[in-house]
Amino acid sequence: MLGAGVLAACAAAMPQRGTGDLGVIIERAAGRIQVVETTGMTRLATVDGLGDLSHASVVFSRDGRYAYVFGRDGGLSRVDLLTARITHRVMQAGNSIGGAILQDGSVVAAQNYAPGGIRLFDAATLEPLADIPAIGADGKRSKVVGLVDLPGKRLAASLFESGEIWIIDAADPRHPKIDKLRAGKQPYDALATPDGRWYLAGLFGEDGLALVDLWADPPVARKVLSGYGKSEAALPVYKMPHLRGWAMAQGMAWLPAIGHHEVLIADTANGWKQAGSVPTAGQPVFVMARPDGRQVWVNFAYPDNGTVQVIDTATRKVVRTMQPCKGVLHMEFTPKGEALWLSCRDDNRVEVYDTATFDRLATLPADNPSGIFFTVRAQRFGM
Amino acid sequence: MLVRGIAALAACVVGAVAVAGEPPPARALQLAHLLRDDCGACHGMTLQGGLGPPLTAAALAGKPAEGLAATVLHGRPGTAMPPWQPFMTQDEAAWLIERLQAGTPPTIPPANALSGR
């Protein structure tokens, strides 16, 4: 009762405003999110009671008002950013890592490790619409990774154990139709390009990535960048790279090389053939392009997770190496990329950098921050 | 009497397995961070599992501690489990396994988690 009163007070204090400069910071250990704004670089509110957010991710309604927060414990919450309140919440699985929102904003999809599968929900009410068990060609349930939204009210996802890519037509969300493709060994994450044409899944079990041209009818998966890093032995991987949060710049895809200290460059107009690579300070986790494509920012797996590097895409060289703090977990650009926010998990703060001068613009205290998500994602495929 | 006997026996068994004993507090805190944040990257911060299997006492029940410690130190070929030998000693791996199997994995105190506030 007291909690509700405090929440109401917070809500009343929030002035009328738009949502284009809003965002969410996950406080992973506290099960809480911060609602932030990127214009004045301030925290507006916090929202508690979101469960286990240790690998939480967020998608946004197309009006940028509602954040759908996917908790590790299977909790899915719809948070109103303007009133800083949870409007709806369901426990939809035992172990979940993220989700997607359909092209028209009507359906939210969750990807689950346990029980392995995908579930569809009405975006306005979180009413369950469909349950898609990820039973692969091996007859067993797989963990689902790399769920993204695509043009044509479709979704794509990958099955870790069975090595498949599923393309899901969710135009009728109570009766989704599924195309099943062979991907390769152990897809660990995937991305959709910003135009929604290509779906690319990273493979842990083999060198290379699985690529699907979604403009092909029917879509087929083929292997690209096979045998990258063949000349040197792959290193142990202490954190799986994330592909979501893609880097497309200069017509090229910039990708983390799993098990190697480099970023791969693939020429999307030339069969996704490798067009080069950039040596880095560690094994890349996130490789993210500034919205204008001039820079690519990279963070790294343990034990190099205190370092961030910036690649100039014109010269393909690292132009800046920074040690912002211990445990850099995530990065997010402002909508037009003049600033980058990064989370310092072990130092309990979020840093904001000017991407032109690399000066630090602001520091926001945050309890074990992990993911940072801005509402600009609402207007992008695969985010 | 019987209960006390079992308790004493249990103490002996624990004592026998815990060849390493407790690491110093500062190192134990580092290992807690390593467990929650870095092992947790795959096994989950709460150790309930993720891309990697859960590390709960129930999940590890009946598995020989030495084998588990060897997996931690040397990894498991053919899976995503990497070798952690560069970052901890054999005794520290044994201590982590002992704590995990006992269902009392080291935690990060909230005061520490909030130190930046």
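Residues numbered from 1 in each chain as written. Chains lettered and ligands numbered in written order. Predicted model: local features only at pLDDT ≥ 70, side-chain atom pairs only at ≥ 80, totals over all residues.

### Things to note about the overall build of chain B
Working step 1: Each helix and strand in chain B was counted, giving six helices and zero strands.
Working step 2: Expressed as a percentage of the 117 residues in chain B, the buried residues total 30%.
Working step 3: Restricting to contacts in chain B with at least 6 residues of sequence separation, those with at least 24 account for 56%. (Helix = DSSP H or I, 4+ residues; strand = E, 2+ residues; numbered from the N terminus. Buried ≥ 20, exposed ≤ 12 C-beta atoms within 10 Å, placed from the backbone. Contact = placed C-beta atoms within 7 Å.)

### Re the overall build of chain A
Working step 1: Along chain A, the regular secondary structure elements total one helix and 32 strands.
Working step 2: Taken over the C-alpha trace, chain A has a radius of gyration of 20 Å; the compact-globule value for 383 residues is 21 Å, and the two agree within 12%.
Working step 3: With respect to the three principal axes, the spread of C-alpha positions in chain A is 60 × 50 × 30 Å.
Working step 4: Relative to its 383 residues, chain A shows a buried fraction of 55%.
Working step 5: Residue pairs in contact within chain A that sit at least 24 positions apart in sequence constitute 44% of those at least 6 positions apart. (Rg over C-alpha atoms; globule rule 2.2 N^0.38 Å.)

### Details of the nonpolar core
Taken as a class, soluble globular proteins show a tendency for nonpolar side chains to be buried jointly.
Working step 1: One finds A:Ile165, A:Trp254 and A:Val296 to be the most contacted residues of the largest nonpolar core, which totals 126 residues.
Working step 2: Core analysis: the second largest hydrophobic core is formed by 15 residues, B:Cys39, B:Met88, B:Ala94 and B:Trp95 among them. (Core = buried A, V, L, I, M, F, W, Y, C linked by C-beta atoms within 7 Å.)

### Side note on the sheet that holds strand S32 (residues 369-374) of chain A
Residues and elements named next belong to chain A.
Working step 1: What the four strands build is an open sheet, ordered S3-S2-S1-S32; its pairing is antiparallel. Edge positions in the sheet fall to strand S3 (42-47) and S32, since each has one partner strand and no second. With direction set aside, neighbouring strand axes in the sheet form an average angle of 25°.
Working step 2: Where strand S1 (residues 22-27) lies against strand S2 (residues 32-37), six bridges are found, and the strand directions are antiparallel. Looking at the pairing, Val 24 lines up with Val 35 of S2. (Pairing = 2+ DSSP bridges. Axes fitted to C-alpha atoms, helices over the stretch in contact; angles between N-to-C directions.)

### Focus: the environment of A:Asp122
Residues and elements named next belong to chain A.
Working step 1: Of note, Asp 122 is situated in strand S10 (residues 117-122).
Working step 2: Of the residues examined, Asp 122 has 15 C-beta atoms within 10 Å and is grouped as partly exposed.
Working step 3: Counting along the chain gives 22 residues from Asp 122 to Val 144, while the straight-line C-alpha distance between them is 20 Å.
Working step 4: Contact partners of Asp 122, with chain neighbours within four places excluded, come to Val 107, Glu 127 and Leu 129.

### Section: the pairing of strand S6 (residues 75-80) of chain A
Residues and elements named next belong to chain A.
Working step 1: Along S6, five of the six residues are buried, which leaves the element largely enclosed by surrounding structure.
Working step 2: Two successive antiparallel strands, strand S5 (residues 66-70) and S6, enclose a turn made up of four residues, where Gly 74 displays a positive phi of approximately 90°.
Working step 3: Pairing between S6 and strand S7 (residues 85-91): six bridges, direction antiparallel. Bridge pairing links Leu 76 to Val 90 in S7.

### Remarks on helix H2 (residues 25-43) of chain B
Two residues of an α-helix separated by three or four positions point the same way, owing to the 3.6 residues in each turn.
Residue and element names in this part refer to chain B.
Working step 1: Within H2, the axis deviates most sharply at Leu 35, by approximately 30°.
Working step 2: Within H2 the residues assigned to the buried category are Leu 31, Leu 35, Arg 36, Asp 37, Asp 38, Cys 39, Gly 40, Ala 41, Cys 42 and His 43.
Working step 3: Next to the buried residues of H2 lie helix H5 (90-101).
Working step 4: With its phi angle positive at about 90°, Gly 44 sits one or two positions after the end of H2. (Bend = angle between axes of the 7 residues up to and from the residue.)

### Concerning the pairing of strand S26 (residues 308-312) of chain A
Residue and element names in this part refer to chain A.
Working step 1: Most of S26 is tucked away, with four of its five residues classed as buried.
Working step 2: Judged from the five bridges that link them, strand S25 (residues 295-300) and S26 form a sheet pairing that is antiparallel. Opposite Trp 297, over in S26, you have Val 310 as the bridge partner.
Working step 3: Of the pairings in the sheet, the one linking S26 to strand S27 (residues 317-322) comprises five bridges and is antiparallel in character. The residue bridging Gln 309 from the neighbouring strand is Thr 321, located in S27.

### With respect to the confidence of the model for chain A
Any residue range with low pLDDT should be treated as having predicted coordinates unsuitable for detailed reading.
Working step 1: Scored by pLDDT, chain A has a mean of 94; 96% of the residues are at 70 or more.
Working step 2: Under a pLDDT of 50 for its full length, residues 1-6 of chain A has, in the predicted model, zero contacts with residues more than four places off or in other chains. (pLDDT = per-residue confidence, 0-100.)

### Focus: the packing of helix H4 (residues 65-74) of chain B against H5(B)
All names here are of chain B.
Working step 1: Packing of H4 against H5 leaves a shortest axis separation of 9 Å and a crossing angle of 125°. By the angle between their directions, the pair H4 and H5 is classed as oblique. The handedness of the crossing between H4 and H5 comes out as right-handed. Between H4 and H5, the residues in contact are Ala 65, Leu 68, Ala 69, Val 72 and Leu 73 and Gln 90, Ala 93, Ala 94, Leu 96, Ile 97, Glu 98 and Gln 101, respectively.
Working step 2: In the contact of H4 with H5, the residues fall into nine nonpolar, two polar and one charged. (Parallel < 35°, antiparallel > 145°, perpendicular 65-115°, else oblique. Left-handed = near helix turned anticlockwise from the far one by under 90°. Nonpolar A, V, L, I, M, F, W, Y, C, P; charged D, E, K, R; others polar.)

### Looking at the sheet that holds S27(A)
Residue and element names in this part refer to chain A.
Working step 1: Reading across the sheet, the four strands line up as S24-S25-S26-S27 and stay open at both edges, with antiparallel pairing between neighbours. Bordering the open sheet on either side are strand S24 (284-289) and S27, each of which pairs with just one other strand. Across the sheet, the mean angle from the axis of one strand to that of its neighbour is 20°, orientation sign disregarded.

### Focus on the environment of A:Ala29
Working step 1: Here A:Ala29 is to be found in the loop between S1 and S2.
Working step 2: Between the C-alpha atoms of A:Ala29 and A:Pro256, which are 227 residues apart in sequence, the distance is 27 Å.

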